[in-house]
Amino acid sequence: DIMQKIGTGYAVLRPLQDAGTIYKVVLGDGSSPMTAEIEVKSTSESTAPPPEITETGNGAKDAKEYLESTGVLNFIQGVLQVVVKERPSDPFAFMAR
């Protein structure tokens, strides 16, 4: 059967990417893991302008606004959700993959 399920994986995508991005996904930890390359690109013709970033910020409010405007907050939340769901023995190595 060519549509047999061989594994599962997660991809936490970087937000606010203008051009297409290619991600390499590795499935399996055995002697012959399988890999796949996934290209992610915007489906809309127009892209949002890059967020304005100030050189210095004051306080937690500015930090939160910066993290939200750059997409870092959503990215980190996605990574942490996968770590909590998978519960790897070495979460730091898991996040670094």
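What counts and what doesn't
- Counting restarts for each chain: residues are numbered from 1 in the order of the written sequence.
- Local features in this predicted model are restricted to residues whose pLDDT is 70 or higher, and side-chain atom pairs enter the listing and the counts only when it is 80 or higher, whereas totals over whole chains, interfaces and linings include all residues.
- The side-chain quantities take in all heavy atoms of the structure and omit both hydrogens and water.
- Secondary structure elements are taken from DSSP: a helix is a run of H or I of four residues or more, a strand is a run of E of two residues or more, and numbering for both begins at the N terminus.
- Type-normalised accessible area, obtained with a 1.4 Å probe on protein chains alone, sets the label of each residue: buried when under 20%, exposed when over 50%, and partly exposed for intermediate values.
- By definition here, a salt bridge exists when the distance from a side-chain nitrogen of Lys or Arg to a carboxyl oxygen of Asp or Glu is within 4 Å.
- The pLDDT score gives, residue by residue, the confidence of the prediction method on a 0 to 100 scale.
- Take the number of residues in a helix, subtract one, and multiply by 1.5 Å to get its expected span.
- For this quantity, the arc is that covered by the directions from the helix axis to the C-beta atoms.
- The contact definition used throughout considers only heavy atoms, calling two residues in contact when any of these lie within 4.5 Å.

A.B. asks: Outline the overall build of the protein chain, supporting the account with residue identities and numerical values.
C.D. replies: For the protein chain, the count of helices and strands is three helices and two strands. Secondary structure elements of the protein chain occur, N-terminal to C-terminal, as β-β-α-α-α. Every one of the 97 residues in the protein chain was classed for burial, and the buried ones make up 10%.

A.B. asks: Got a sec to walk through the pattern of salt bridges? Specific residues and values, please.
C.D. replies: Here the structure, examined in full by the defined rule, presents one salt bridge. The closest approach of N and O atoms between K64 and E68, which form a salt bridge, is 3.8 Å. You can see K64 and its partner E68 sitting in helix α1 (residues 59-70), four residues apart, about one turn around the helix.

A.B. asks: Got a sec to walk through the confidence of the model for the protein chain? Specific residues and values, please.
C.D. replies: For the protein chain, the average pLDDT comes to 76, and 67% of its residues sit at 70 or higher. For the protein chain, the element scoring lowest by mean pLDDT is strand β1 (residues 21-27), at 75; helix α2 (residues 72-86) scores highest, at 90.

A.B. asks: Talk me through α2; I want residue IDs and the actual numbers.
C.D. replies: Over its 15 residues, α2 runs 21 Å from end to end, which matches the ideal 21 Å to within 8%, given 1.5 Å per residue. The set of residues buried in α2 consists of G78, V79, V82 and V83. The arc enclosing the buried residues of α2, seen along the axis, measures out at 135 degrees, which places them on a common side. Across from the buried face of α2, at angles greater than 90 degrees, the exposed residues are N74, Q81 and K85. The inward-facing, buried residues of α2 abut α3 (91-96). Note on α2: the residue one or two positions beyond its end, R87, has a positive phi of about 50 degrees.

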